[in-house]
Amino acid sequence: LFGDDSTIERQEMADKFMRYFLLGYYSENSLDDYWIEKIPEFLKLRELIVHVGIYKKWDLNNLSEWQKDYYNQSANRIKNGISLVEYRDCWNKVSI
């Protein structure tokens, strides 16, 4: 979800994804809570890498409205050190 998506919707989707992702991960591996809390930092790095790729590949003078929204929102998050989603305690409470 990008463009006119809400931060609340994005966070709800992330929480749901993390629950099922971690259930699957924990069925085969273990992961210290410290690393789970670092996921938003990883997402910041990933967004920066994607943003650089977009800068190189897209014609920034000829973007669709969706592309403009995505690019501008991404740039704003990067400039302000904001993760696509925030860490939530419930991510550490997943168990199989």
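The rules behind each value
- Residues numbered from 1 in each chain as written.
- Predicted model: local features only at pLDDT ≥ 70, side-chain atom pairs only at ≥ 80, totals over all residues.
- Heavy atoms only, no water.
- Helix = DSSP H or I, 4+ residues; strand = E, 2+ residues; numbered from the N terminus.
- Buried < 20%, exposed > 50% of the residue type's maximum accessible area, 1.4 Å probe, protein only.
- Contact = heavy atoms within 4.5 Å.
- Areas by Shrake-Rupley, 256 points an atom, 1.4 Å probe, with all protein chains shown as cover.
- Lys, Arg positive; Asp, Glu negative; His and termini not counted.
- Charge placed at Lys NZ, Arg CZ, Asp CG, Glu CD.
- Expected span 1.5 Å × (residues − 1).
- Arc of directions from axis to C-beta.
- Core = buried A, V, L, I, M, F, W, Y, C linked by side-chain atoms within 4.5 Å.
- Polar contact = N/O pair within 3.5 Å; in protein donor to acceptor, adjacent residues only side chain to side chain.

What follows concerns the overall build of the protein. Looking only at helices and strands, the protein has four helices and zero strands in total. By principal-axis analysis of the C-alpha atoms, the protein measures approximately 50 × 25 × 25 Å. For the protein, the proportion of its 96 residues judged to be buried stands at 29%. When contacts within the protein are restricted to residue pairs at least 6 apart in sequence, long-range pairs at least 24 apart make up 72% of them. Accessible surface, the protein: about 7000 Å² in total, of which carbon and sulfur atoms supply 54%. Both charge centroids of the protein, one from 13 positive and one from 16 negative side chains, sit 4 Å from each other.

Between its first and last C-alpha atoms helix α3 (residues 39-57) spans 27 Å; for 19 residues at 1.5 Å apiece the expected length is 27 Å, and the two agree. Buried residues of α3: I39, P40, E47, H51 and I54, and no others. Around the axis of α3, the buried residues are gathered within 115° of arc, so they sit on the same side. Facing away from the buried side of α3 by more than 90 degrees, the exposed set consists of F42, I49 and K56. Tucked inside the fold, the buried residues of α3 contact α1 (7-26), α2 (33-37) and α4 (65-80).

In this structure, A14, M18, L22, L23, Y26, I36, I39, V85, W91 and V94 together form the largest nonpolar core, which totals 10 residues. The greatest single-element share of this core, amounting to five residues, is contributed by α1. Discounting residues that sit within four places of it in the chain, V94 has contacts with R19, L22, L23 and Y26.

Below, the discussion takes up α4. Look at α4: 22 Å from first C-alpha to last across 16 residues, which is about the 22 Å you get at 1.5 Å a residue. By the burial criterion, the buried members of α4 are Q67, Y70, Y71, S74, A75 and R77. Mapping the buried residues of α4 onto a view down its axis gives an arc of 165°, with all of them on the same face. Pointing more than 90 degrees away from the buried face of α4 are the exposed residues E65, N72 and K79.

Right, let's talk about the side chain of Q11 for a bit. Relative to the elements of secondary structure, Q11 occurs in helix α1. A polar contact of 2.8 Å, which involves the side chain of Q11, links it to the backbone nitrogen of E86. Not counting the four nearest positions on each side in its chain, Q11 is found in contact with V85, E86, R88 and W91.

As for its placement among the helices and strands, S74 is situated in helix α4. Sequence separation between S74 and L84 is 10 residues, and the spatial gap between their C-alpha atoms is 8.5 Å. If we ignore the near neighbours within four places in the chain, the residues touching S74 are E47 and H51.

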